[in-house]
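So the chains spell out like this:
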Amino acid sequence: MRIVVGVAGGIAAYKTCELVSRLVQAGHEVRVIMTSAATAFVGPLTFEALSGHPVSTQATDVSEGPLSHITLAHWAEAMVVAPATAGLIARFATGRAEDMLSLVYLGFRGPVLVAPAMEPDMWTHPRTEMNVGILRSDGVHIVGPREGRMASGREGIGRMAEPWELMEALEDVITPQDLAHVRMVVTAGSTWEHFDPVRLLTNPSTGLMGVLIANAAARRGAHVHLITGPAVQVPVHHLVTRSTVTSAVEMLQAVEKVMEAADVFVGAAAVSDFRPVESLTHKMHKESLPLTWKMQTNPDIIAMVAQKYHGHKLIVGFAAETQAPVEQAALKLRKKGLDAIVANLVGHQEGFGSGQHHSWLVTAQGAHPIPGDDKACTANVLLDWIERKLKES
Ligand code: C5P
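Quick notes on the rules
Residues numbered from 1 in each chain as written. Predicted model: local features only at pLDDT ≥ 70, side-chain atom pairs only at ≥ 80, totals over all residues. Heavy atoms only, no water. Helix = DSSP H or I, 4+ residues; strand = E, 2+ residues; numbered from the N terminus. Buried < 20%, exposed > 50% of the residue type's maximum accessible area, 1.4 Å probe, protein only. Contact = heavy atoms within 4.5 Å. Areas by Shrake-Rupley, 256 points an atom, 1.4 Å probe, with all protein chains shown as cover. Lys, Arg positive; Asp, Glu negative; His and termini not counted. Charge placed at Lys NZ, Arg CZ, Asp CG, Glu CD. Domains from an automatic or database assignment. Phe/Tyr/Trp six-rings, centres within 6.5 Å; stacked < 30°, edge-to-face > 60°. UniProt positions renumbered as here; feature names shortened; annotations may be inferred. Axes fitted to C-alpha atoms, helices over the stretch in contact; angles between N-to-C directions. Parallel < 35°, antiparallel > 145°, perpendicular 65-115°, else oblique. Left-handed = near helix turned anticlockwise from the far one by under 90°. Nonpolar A, V, L, I, M, F, W, Y, C, P; charged D, E, K, R; others polar. Pairing = 2+ DSSP bridges.

The name recorded for the protein in an unreviewed UniProt entry is Coenzyme A biosynthesis bifunctional protein CoaBC, from Sulfobacillus acidophilus.

This is the structure:
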């Protein structure tokens with residue numbers, strides 16, 4: 001995507017270097033516009049090196065031709081302004097196009113993200129509040145500011161949002177909403193089956209795959225309810241509703257509660273197959289630990305969902321296998337009555353805990369290798385398939 005990054009004169013401008021670097025690394029084409037005050041904080045050469053293009057610093061700049069502001073406004077597909085000072089926000093809000101950045105802002109008609117950064121007293125001043133309100137009502141996305149320590153040493157609200165937050169906010173804004181109105185339930189992570197309060201049966205799943213699916217679906221506009229096991233640490237998108245459970249039985253109860261209202265179920269959790277028949281409420285001491293323990297099978301959550309809703313809701317499972325993943329997945333697809341299974345290899349090099357895996361999408365029509373080995377890509381390929389299936393039905 002072609003992105004104009006605007007930099008105003010604030011100390012947080014040093015963080016914008018990382019933002020530009022991240023944007024370029026993510027494959028975006030970036031042109032940087034600095035106000036002249038910004039150049040007192042970071043030299044244009046830094047942004048030229050990071051973006052690989054000349055940086056505009058003056059309203060009269062002609063680096064993009066005699067009408068640079070119009071060329072840039074028409075070239076850009078998105079604008080990110082970080083840091084945005086109180087003065088720049090005032091110029092945007094009142095249309096006072098006195099510098100190159102405000103000129104391009106007025107001429108641009110796509111999504112704009114603004115990351116304010118200023119002293120807390122300036123942020124809470126009624127004039128700033130009014131100007132920010134005007135920008136919001138014009139459809140500008142305001143990201144931050146965050147609370148914390150200011151350059152002055154004071155604490156308060158006024159710190160610029162971090163580069164990763166701005167990257168995420170930009171992704172949210174530019175992602176097509178092709179799953180809007182779709183209601184999805186996703187399970188992720190391992191379950192814990194306790195023998196006693198300090199001993200349990202579990203597996204190495206980190207929940208990464210399920211969380212990536214939930215996050216990507218939310219970003220594409222779906223209403224997502226994510227039900228995770230207790231050990232999932234992967235950051236969850238702020239638009240995802242999350243419940244955390246401990247055991248397989250609790251996970252089933254949580255799924256049953258929300259499934260009626262859903263259109264799609266994605267079972268990415270690595271649910272424990274067994275649980276102890278007896279789970280003690282107090283810690284057993286080593287001397288009295290039995291060497292054999294009576295176990296019982298856990299409910300198969302996805303099979304129960306499929307039994308109730310097959311044909312009415314889309315049901316997608318996962319099959320993590322060390323051998324013959326496609327064949328195993330095809331068997332599970334039939335046995336559990338699912339619409340699709342993502343089959344993937346797990347072993348020492350990939351699978352649990354890693355961002356990479358080899359995977360196939362297995363349906364009644366056959367198996368297709370999912371291109372690439374990145375779990376975030378797998379999530380979007382699966383969501384593309386879900387989107388197509390929902391459209392067909
Ligand atoms: O049978 P297996 O555990 O290999 O099947 C994996 C699929 O079934 C995954 O989608 C997993 O989330 C789901 N599953 C489940 N409840 C179980 C066991 C597996 O929902 N008790």
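Draft legend 1. Quick peek at the overall build of the protein. Secondary structure assignment for the protein yields 13 helices and 19 strands. Projected onto its principal axes, the C-alpha positions of the protein cover 80 × 50 × 40 Å. Counting over 393 residues, the protein shows a buried share of 48%. Summarising the internal contacts of the protein: among those between residues at least 6 apart in sequence, 65% fall at separations of at least 24. Summing over all exposed atoms, the protein offers an accessible surface of approximately 18,800 Å²; the carbon and sulfur share of this is 54%. Both charge centroids of the protein, one from 33 positive and one from 39 negative side chains, sit 4 Å from each other.

Draft legend 2. Seen up close, the domain arrangement of the protein. The assigned domain composition of the protein is domain 1 (2-174) and domain 2 (183-275 + 287-392). Computed over C-alpha atoms only, the centres of domain 1 and domain 2 are separated by 40 Å.

Draft legend 3. Spotlight on the packing of aromatic side chains. Scanning all chains against the criterion turns up 2 aromatic pairs. When the centroid spacing of 3.9 Å and the interplanar angle of 5 degrees are considered together, the rings of Phe92 and Tyr105 count as stacked. Taken together, the residues span a long stretch of sequence, with Phe92 in helix α4 (residues 86-94) and Tyr105 in helix α5 (residues 100-107) at a distance of 13 residues. Exposure class is identical for Phe92 and Tyr105. Each is buried. Seen from their ring centres, Phe195 and Trp293 are 5.0 Å apart, and the 80 degrees between their planes marks the pair as edge-to-face. Remark: Trp293 occurs in the loop between β14 (274-276) and β15 (295-297) and Phe195 occurs in strand β9 (residues 193-196); sequence separation between them is 98 residues. On the basis of relative accessible area, Trp293 is assigned to the partly exposed category, the value being 23%.

Draft legend 4. Quick peek at the side chain of Arg220. Here Arg220 is to be found in the loop between α9 (208-219) and β11 (223-228). Residue classification places Arg220 among the buried residues on the basis of a relative accessible area of 6%. Leave out the neighbours within four places in its chain, and Arg220 touches Thr175, Pro176, Gln177, Asp178, Leu179, Ala180, Asn380, Leu383, Asp384 and Glu387.

Draft legend 5. Looking closely at the environment of Phe92. Residue Phe92 is classed as buried on the basis of its relative accessible area of 4%. In this structure, the C-alpha to C-alpha distance between Phe92 and Ser102, residues 10 residues apart in sequence, is 6.1 Å.

Draft legend 6. Up close: the UniProt feature "binding site: CTP" (unreviewed entry) in the protein. When the UniProt feature table is mapped onto this chain numbering, "binding site: CTP" (unreviewed entry) sits at Asp273, Lys283, Pro299, Asp300, Ile301, Ile302, Phe318, Lys332 and Lys336. Of the residues just listed, which span 64 residues, the most distant C-alpha pair is 37.7 Å apart, and they do not cluster in one region. With respect to the element layout, Ile302 can be found in helix α11 (residues 301-309). The exposure class assigned to Ile302 is buried, which follows from its relative accessible area of 9%. In this view, Ile302 contacts Phe265, Gly267, Ile315, Val316, Gly317, Lys336 and Leu338; residues no more than four positions away in its chain are not counted. Here Lys332 shows up in helix α12 (residues 325-336). Non-local contacts of Lys332, meaning those with residues more than four positions away in its chain, are made with Ala319, Glu321, Gly337 and Ile341.

Draft legend 7. Expanded view of unusual backbone geometry. Here the amide bond leading from Ala82 into Pro83 is cis, since omega sits at -5 degrees, within 30 degrees of zero. Each neighbour pair has its own omega, and for Gly144 with Pro145 the value is 0 degrees, a cis peptide bond. When you line up the elements, Pro145 lands in the loop between β5 (141-142) and β6 (146-149). One non-glycine residue, His181, lies in positive phi territory at about 75 degrees. You can see His181 is positioned in the loop between α8 (163-174) and β8 (183-188). Located in the positive-phi region is Ala324, a residue other than glycine, with phi close to 40 degrees. Tracing the backbone through its elements, the reader meets Ala324 in the loop between β16 (314-321) and α12. Using a relative accessible area of 37% as the deciding quantity, one classes Ala324 as partly exposed.

Draft legend 8. Up close: the packing of helix α3 (residues 68-75) against α5. The interhelical angle for the contact between α3 and α5, taken along N-to-C directions, is 50 degrees, at an axis separation of 8 Å. When the axes of α3 and α5 are compared, the pair comes out oblique. Viewed along their axes, α3 and α5 form a crossing whose handedness is right-handed. Taking contact as the criterion, the partners of Ser68, His69, Leu72, Ala73 and His74 in α3 are, on α5, Met100, Leu103, Val104 and Gly107. In the contact of α3 with α5, the residues fall into 5 nonpolar, 4 polar and no charged.

Draft legend 9. Quick peek at the sheet that holds strand β17 (residues 340-345). Taking strand neighbours across the sheet as the criterion, the 8 strands line up as β12-β11-β8-β13-β16-β17-β18-β19 in an open arrangement whose pairing is mixed. On the outer flanks of this sheet lie β12 (241-244) and β19 (366-369), each paired with one strand and no other. When the angles between neighbouring strand axes are averaged without regard to direction, this sheet yields 15 degrees. Pairing of β16 with β17 involves 6 bridges; the strand directions are parallel. Note that in β17 the partner of Gly317 across the bridge is Ile341. Strands β8, β11 and β13 (264-267) of the sheet are contacted by helix α10 (residues 248-259), whose axis makes an angle of about 165 degrees with β11.

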